[in-house]
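# Observations on the model geometry
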Amino acid sequence: MIANFFKNIFGKKNESKNVAKQRLKFALIYDHLEVTEDILEALHKDMVEVISKYFEIDQEAFKLDIRRSDELSALVVNTPILSAKRKRKQAQPDPT
Amino acid sequence: MDGKIIVVTSGKGGVGKTTATASIGAALALEGKKVAVVDMDIGLRNLDVVMGLENRIVFNIVDAVKGRCKLKQAAIKDRRIDNLFLIPASQSDNKNVLDPEEMVRFSSMLRRHFDYVFMDCPAGIERGFENSVAAADEALVICTPEVAAVRDADRVIGLLYARSITPKLVVNRIVPALVERGDMLSHVDMVDVLSVELIGLVEMDDQVVVSTNTGVPLVMQKTSKAGAAFRRIAMRLNGQVDLPIQVPEASGGLFKKFRSKFGLKK
Ligand SMILES: Nc1ncnc2c1ncn2[C@@H]1O[C@H](COP(=O)(O)OP(=O)(O)OP(=O)(O)O)[C@@H](O)[C@H]1O
Ligand SMILES: [Mg+2]
């Protein structure tokens, strides 16, 4: 079509709707990643619990964050490890 | 009867929920279906004036739900279209007078009396929204081709899916010339971003204002393009799923497009 021919010549750069669409896509990605305080708190609690099974951690210093950049979002967990927990013994009979 | 309850919602305000409710409801009634349109915007009623029935209100939805009147008394018969009934909102109450549970109970009564019941949802996602979707079988999401409206539509679509309702999208207030110039999101862009099924495309139409001024239903105005689009949406809802969706086109044709590409015409 002739209309398409001109579109190709002039390119799509100056079409403002493409800007709108791009902005929308990012906005929706952000929106979908938005978690409520409640969920973050519950996740925090669960993670501390799980990690504590394997490591001695400083529970006060445990940090959980969602970090966003243009490209992607990441769940960032930061926790000082005090020591590794010794492997739990596999159901050994009590000597006493 | 075992009627269908369809909620008309959007998230963002002012995108055309009330216009769509009145028009699609009228179109289905003209097809011979028994239709109720319910104004769920408690405290800010609107659908009554759009339909030209504001002088006939005696009872309202709150009265009907609370059992202060019979359903029959709250359902106002349209002046022009048989089979079309309006259940108006109450103007004095607070949004929180109704709750979703009451609405579910009330809706089972509505189902027995009507083929189609449209819930005209207020803007936002608070109690009014909750009440409107409480008993809904289907949902129409109205959205205009604007960033803010699409974003809010996405939020509402998420909430509907969470209730196991699969919504259908109506794009309203399309300006074909702007779309063709690339300065307005097209329905293809919107469907792409929202990943939702499309049910109709309604263009910007002066007749909408004329219709609200006079109270004459848009779908009865032969020359209204928006009216025709709403009629087609009604047919699709009513089982004609194969009816193709017409894409609004700018009048003026190729020559105008050609000139505008060269900046000869603003
Ligand atoms: N296709 C259209 N062409 C022209 N004007 C329109 C169209 N659709 C809606 N309008 C106008 O836009 C305005 C808002 O429409 P409407 O009241 O239906 O929106 P709404 O979503 O119900 O608003 P609210 O969120 O306040 O309830 C009205 O003035 C209406 O006449
Ligand atoms: Mg409204």
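Structure: see above.
Residues numbered from 1 in each chain as written. Chains lettered and ligands numbered in written order. Predicted model: local features only at pLDDT ≥ 70, side-chain atom pairs only at ≥ 80, totals over all residues. Heavy atoms only, no water.

The helix and strand tally for chain B stands at 12 helices and eight strands. Since a compact globule built from 266 residues should have a radius of gyration of about 18 Å, the 19 Å found for chain B is in line with a globular shape. Judged by the C-alpha coordinates and their principal axes, chain B covers about 65 × 40 × 35 Å. Counting across all 266 residues of chain B, residues that qualify as buried make up 52%. For chain B, the proportion of contacts with a sequence separation of at least 24, taken over those separated by at least 6, is 76%. Surface exposure of chain B reaches about 11900 Å², of which carbon and sulfur atoms provide 50%. Both charge centroids of chain B, one from 36 positive and one from 32 negative side chains, sit 4 Å from each other. (Helix = DSSP H or I, 4+ residues; strand = E, 2+ residues; numbered from the N terminus. Rg over C-alpha atoms; globule rule 2.2 N^0.38 Å. Buried < 20%, exposed > 50% of the residue type's maximum accessible area, 1.4 Å probe, protein only. Contact = heavy atoms within 4.5 Å. Areas by Shrake-Rupley, 256 points an atom, 1.4 Å probe, with all protein chains shown as cover. Lys, Arg positive; Asp, Glu negative; His and termini not counted. Charge placed at Lys NZ, Arg CZ, Asp CG, Glu CD.)

A word on the overall build of chain A. Scanning chain A from terminus to terminus reveals three helices and four strands. Of the regular secondary structure in chain A, the N- to C-terminal order runs α-α-α-β-β-β-β. Taking all 96 residues of chain A together, 15% fall into the buried category. The contacts in chain A between residues at least 6 apart in sequence include a share of 45% that link residues at least 24 apart.

This part covers the site of ligand 1. Residues and elements named next belong to chain B. In the region of ligand 1, 15 residues are neighbours, and Lys17, Thr18, Thr19, Asn172 and Arg173 sit closest. Between ligand 1 and the protein, one listed contact pairs an oxygen atom with a backbone N or O atom of valine 15 at 3.2 Å. Isolated, ligand 1 exposes 630 Å² of accessible area, and the fraction of that covered by the protein chains is 79%. Put simply, the parts of the chain that give the shell around ligand 1 at least two residues each are helix H1 (17–30), strand S7 (167–174) and strand S8 (197–203). In terms of residue count, H1 provides more of the shell around ligand 1 than any other element does, three residues in total. Split by residue class, the shell around ligand 1 holds five nonpolar, six polar and four charged. (Near = heavy atom within 4 Å. Polar contact = N/O pair within 3.5 Å; in protein donor to acceptor, adjacent residues only side chain to side chain. Nonpolar A, V, L, I, M, F, W, Y, C, P; charged D, E, K, R; others polar.)

The subject of this paragraph is the pattern of salt bridges. Across all of its chains, the model carries 14 salt bridges over all chains by this definition. Across the salt bridge formed by glutamate 102 of chain B and lysine 66 of chain B, the nearest N and O atoms sit 2.8 Å from each other. Within this pair, whereas glutamate 102 of chain B is found in helix H5 (residues 100–113), its partner lysine 66 of chain B is found in the loop between helix H3 (61–65) and helix H4 (71–74), the two being separated by 36 residues in sequence. Of the residues examined, glutamate 102 of chain B reaches a relative accessible area of 15% and is grouped as buried. On the basis of relative accessible area, lysine 66 of chain B is assigned to the partly exposed category, the value being 36%. One salt bridge in this structure joins aspartate 82 of chain B and lysine 77 of chain B, with 3.4 Å as the shortest N-O distance. In the salt-bridge network here, residues are joined through shared partners; they are Lys17, Lys21 and Lys25 of chain A together with Asp189 and Asp192 of chain B. (Salt bridge = Lys/Arg side-chain N within 4 Å of Asp/Glu carboxyl O.)

Time to look at the nonpolar core. Counting residues in hydrophobic clusters, the biggest one holds 87 residues, and the most contacted among them are Ile24, Ile61, Phe106, Phe118 and Met119 of chain B. Broken down by element, this core gets its largest block of residues, seven residues, from H1 of chain B. With sequence-adjacent residues up to four places away left out, phenylalanine 118 of chain B is seen in contact with Ile6, Val8, Thr21, Ile24, Gly25, Leu28, Val35, Ala36, Val37, Val38 and Leu237 of chain B. Ile51, Ile57, Phe62 and Leu64 of chain A belong to the second largest nonpolar core, which has five residues in total. (Core = buried A, V, L, I, M, F, W, Y, C linked by side-chain atoms within 4.5 Å.)

The geometry of helix H2 (residues 16–33) of chain A relative to helix H9 (residues 187–194) of chain B is characterised by a closest axis approach of 10 Å and an angle of 15° between their N-to-C directions. As far as their axial angle goes, H9 of chain B and H2 of chain A are roughly parallel. Relative to H9 of chain B, H2 of chain A is oriented so that their crossing is right-handed. Taking contact as the criterion, the partners of Lys17, Lys21, Leu24, Lys25 and Leu28 of chain A in H2 of chain A are, on H9 of chain B, Asp189, Asp192 and Val193 of chain B. Here the contact of H2 of chain A with H9 of chain B is composed, by residue class, of three nonpolar, no polar and five charged. (Axes fitted to C-alpha atoms, helices over the stretch in contact; angles between N-to-C directions. Parallel < 35°, antiparallel > 145°, perpendicular 65-115°, else oblique. Left-handed = near helix turned anticlockwise from the far one by under 90°.)

Tracing the backbone through its elements, the reader meets asparagine 131 of chain B in helix H6 (residues 127–133). Setting aside chain neighbours within four positions, we find asparagine 131 of chain B in contact with Met40, Lys95, Leu98, Asp99, Pro100 and Met103 of chain B.

Moving on: unusual backbone geometry. Residue and element names in this part refer to chain B. Positive phi, close to 60°, is recorded for serine 164, a residue that is not glycine. Within the element layout of this structure, serine 164 appears in the loop between helix H7 (147–162) and S7. Located in the positive-phi region is arginine 173, a residue other than glycine, with phi close to 65°. According to the relative accessible area criterion, arginine 173 is partly exposed, its value standing at 38%.

All names here are of chain B. As for its position among the elements, alanine 148 is in helix H7. Judged by its relative accessible area of 41%, alanine 148 is partly exposed. Considered as a pair, alanine 148 and glycine 11 are 137 residues apart in the sequence and their alpha carbons are 9.8 Å apart.

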